[in-house]
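A look at the structure
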Amino acid sequence: MAPLTATAAALQKTASLSKQPQQQQHIVILGGGIAGLSTARYLLGRTEQLQNNVKVTLIDRNNDDNNASNAPVSSYEQQRALYSHFSIPSRRNGNVLCPSLTIPWTTRSIFNEAIMPAIKSIFAMNSNTTQQADRPAITFDWKALMSDKSMYSFATHYVLQKWIYTPPQQHQSNKSILHYSMKCLDDPSDALVQSIHYGRFAKGTRLVDGTVVGGDSSGDIGLFCRGLLSRLKSEYEDRFIVRSGENVERLLLNRDEKQNAAAISGVVTIDKNGNRSTIHADRFVIAMGNDSRPLCDTIQVPCPIYPVKGHLVTISSSVDCAHNITLPNGIGYAAPMDYKVNDRRLYRLSGFVDFTPNKEPDQHRIDALVNAAKVHLHDVEIIDASACHRPISADDRPIIGPAAKFSNLYLCTGFGSRGWSIGLGSGSLLACLILGLPSDIDPEPYLPCRFGTRYF
């Protein structure tokens, strides 16, 4: 028999739960953002045909469980009061739902236009270069990055994926997951998702050349997650357990004799009072965004993602636009919100990719976004501004599927700046892989095995 390819072996590992209808499986999801909640939604929803044989426990370090509600929010002030932790992408991010955003930052054009100028800036004689508002859309804080071991691993995987391992057509594979995710979001047969109030508003996106493409929209990811959590708790009360306010401390390892492979037997969590708990389960999903990589490091599972900083600015304008706007030079987006203040439309600006551990908003970046927005939106007034780090993968494709080395461990992370646009599709795809059900899209471009099994 010919040896299995890495992809075939990975897919073979996702044993079908449909073959075990009498045995309830307990699946623990680590992370309660868009990735974890979407995975929970489809695991619970699709197992009704499997005699309800799946129980899901969702563990999240934040206390949003206390605020879970699907009640409509009537003003931006009311919405903003719900989220004190603006630095977490799945709680506060760009408002744009954009399946047209298919070009990964790893393509050669973006490499030449943004990454190479950033690298050349290292050798620039003027030390103030990096302080200018017109610096490249992608920047690197080299002084901090050179001492970060995880950056070396990330860069190595980037080079391998860009020039060696990845077929050219797979660099554009984000298109399938983006369109599939919007299909999930708009699925009229999914009453649970359609019942969520999240400020859906825009119709289409205006490109740099002035044309408007359909299919895109806007809505608030924080409200969606809040509503989805509430609906899952009410719909699947007996099979959905939420443990909020608990940090994942470590994973417990064991041996899966049936699979003749290592396995995860449990997870140890610690709450804000220092109390530890151990949760055992049959399968585990790491969907912790930026925290996925550090946890995978502890068990030497390749997960080449890196937290990159993006900026968010909420503005108001007398211009009432019904579609998203691509900002000049493609530096970001302006997404209209479903709110007005004093008859002025609110917009969420988002953009830039800065490889830096610095968490503070950069006023130069904020000014650049606002000035770019003024090309289309007059008399702009700033409401608030913030920055957050987004978990981008080494090839700018999400990491979805069975993890290397462990028979019952799965990853759903590395969404980068597209988390809101690909969240539901990613959760749906992973649920199909775990349950052994057919998926509407090819999982191969997103499997973790594309990064190999070697940890470095």
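Bear in mind the structure is a predicted one, so any value in this text is a computation, not a measurement.

Quick look at the overall build of the protein chain now. Helix and strand counts for the protein chain come out as 12 helices and 19 strands. Here the protein chain holds 456 residues, and 56% of them are scored as buried. If you take every contact in the protein chain between residues at least 6 apart in sequence, the share linking residues at least 24 apart comes to 76%. Per element, the accessible surface of the protein chain, about 19,400 Å² overall, is 51% carbon and sulfur.

The next point concerns the pattern of salt bridges. With the rule as written, the count across this model stands at 16 salt bridges. As a salt-bridge pair, Arg41 and Asp190 come within 2.8 Å of each other at their nearest N and O atoms. One end of the pair, Arg41, is in helix α2 (residues 34-46); the other, Asp190, is in the loop between α7 (174-185) and α8 (191-194), and 149 residues separate them in sequence. Residue classification places Asp190 among the buried residues on the basis of a relative accessible area of 7%. In this structure, Asp395 and Arg397 form a salt bridge, with 2.8 Å as the shortest nitrogen-oxygen distance.

Structurally, Thr269 can be placed in strand β10 (residues 261-271). Taking the relative accessible area as the measure of exposure, Thr269 reaches 0% and is therefore buried. In contact with Thr269, not counting residues within four places along its chain, are Ile59, Arg243, Glu246, Asn247, Val248, Glu249, Asn275, Arg276, Ser277 and Ile279.

Our next topic: helix α12 (residues 419-435). Between its first and last C-alpha atoms α12 spans 23 Å; for 17 residues at 1.5 Å apiece the expected length is 24 Å, and the two agree. When the local axis directions of α12 are compared, the greatest deviation, roughly 25 degrees, occurs at Gly425. Counting buried positions along α12 gives 17 out of 17 residues, so the element sits mostly inside the fold. Phi turns positive one or two residues past the end of α12, at Gly436, with a value near 75 degrees.

This part takes up the packing of α2 against helix α9 (residues 221-235). Where α2 contacts α9, the axes come no closer than 10 Å and their chain directions differ by 35 degrees. Pair α2 / α9 crosses with left-handed handedness. From α2, Ile34, Leu37, Ser38, Ala40, Arg41 and Leu44 reach across to α9, where they touch Ile221, Phe224, Cys225, Leu228, Leu229 and Leu232. Split into classes, the residues belonging to the contact of α2 with α9 amount to 10 nonpolar, 1 polar and 1 charged.

All chains considered together, the criterion is met by 9 aromatic pairs. Each ring, one from Tyr76 and one from Tyr339, has its centre 6.4 Å from the other, and the planes form 50 degrees; the classification is tilted. With Tyr76 in helix α3 (residues 76-81) and Tyr339 in strand β15 (residues 332-341), this residue pair connects regions lying 263 residues apart in the sequence. For the pair Tyr76 and Tyr339, one class covers both residues: buried. Taking the centre distance of 5.2 Å and the plane angle of 90 degrees together, the rings of Tyr198 and Phe224 count as edge-to-face. In this pair, Tyr198 sits in the loop between α8 and β5 (205-206) while Phe224 sits in helix α9, placing the two residues 26 residues apart along the sequence. In this structure, Tyr198 and Phe224 share a single accessibility class: buried. Site record: aromatic cluster; members linked through ring pairs are Phe140, Trp142, Phe154, Tyr306 and Phe355. Lying over the aromatic face of Tyr42, Arg41 brings its terminal NZ or CZ to 5.4 Å of the ring centre. A cation sits over an aromatic face here: Arg365 above Phe352, 3.9 Å from the ring centre.

Turning our eyes to something else, we now look at the pairing of strand β12 (residues 283-286). Alternating residues of β12 divide into Arg283 and Val285 and Phe284 and Ile286, and every residue in both groups is buried. Relative to β12, strand β1 (residues 25-30) runs parallel, the two sharing 4 bridges. Each bridged residue has a counterpart across the sheet, and for Ile29 the counterpart in β12 is Val285. Inspection of the sheet shows β12 paired to strand β19 (residues 409-413) by 3 bridges, in the parallel sense. Along β19, the bridge assignment pairs Val285 with Tyr410.

In this structure, Phe224, Leu232, Phe240 and Val285 are the most contacted members of the largest nonpolar core, which totals 58 residues. With 9 residues, the single largest contributor to this core is α12. Not counting the four nearest positions on each side in its chain, Phe240 is found in contact with Ala40, Leu44, Val56, Leu58, Leu229, Leu232 and Lys233. In this structure, Phe154, Leu251, Ile299 and Phe451 belong to the second largest nonpolar core, which totals 34 residues.

Next up on the list: the sheet that holds strand β18 (residues 399-402). Reading across the sheet, the 6 strands line up as β8-β2-β1-β12-β19-β18 and stay open at both edges, with mixed pairing between neighbours. The open sheet terminates on both sides in strands that have one partner only, identified here as β8 (240-244) and β18. Ignoring which end each strand starts from, the neighbouring axes of this sheet average 15 degrees apart. Pairing between β1 and strand β2 (residues 54-60): 6 bridges, direction parallel.

About the thresholds
- Residues numbered from 1 in each chain as written.
- Predicted model: local features only at pLDDT ≥ 70, side-chain atom pairs only at ≥ 80, totals over all residues.
- Heavy atoms only, no water.
- Helix = DSSP H or I, 4+ residues; strand = E, 2+ residues; numbered from the N terminus.
- Buried < 20%, exposed > 50% of the residue type's maximum accessible area, 1.4 Å probe, protein only.
- Contact = heavy atoms within 4.5 Å.
- Areas by Shrake-Rupley, 256 points an atom, 1.4 Å probe, with all protein chains shown as cover.
- Salt bridge = Lys/Arg side-chain N within 4 Å of Asp/Glu carboxyl O.
- Expected span 1.5 Å × (residues − 1).
- Bend = angle between axes of the 7 residues up to and from the residue.
- Axes fitted to C-alpha atoms, helices over the stretch in contact; angles between N-to-C directions.
- Left-handed = near helix turned anticlockwise from the far one by under 90°.
- Nonpolar A, V, L, I, M, F, W, Y, C, P; charged D, E, K, R; others polar.
- Phe/Tyr/Trp six-rings, centres within 6.5 Å; stacked < 30°, edge-to-face > 60°.
- Lys NZ or Arg CZ within 6 Å of the ring centre and 35° of its normal.
- Pairing = 2+ DSSP bridges.
- Core = buried A, V, L, I, M, F, W, Y, C linked by side-chain atoms within 4.5 Å.

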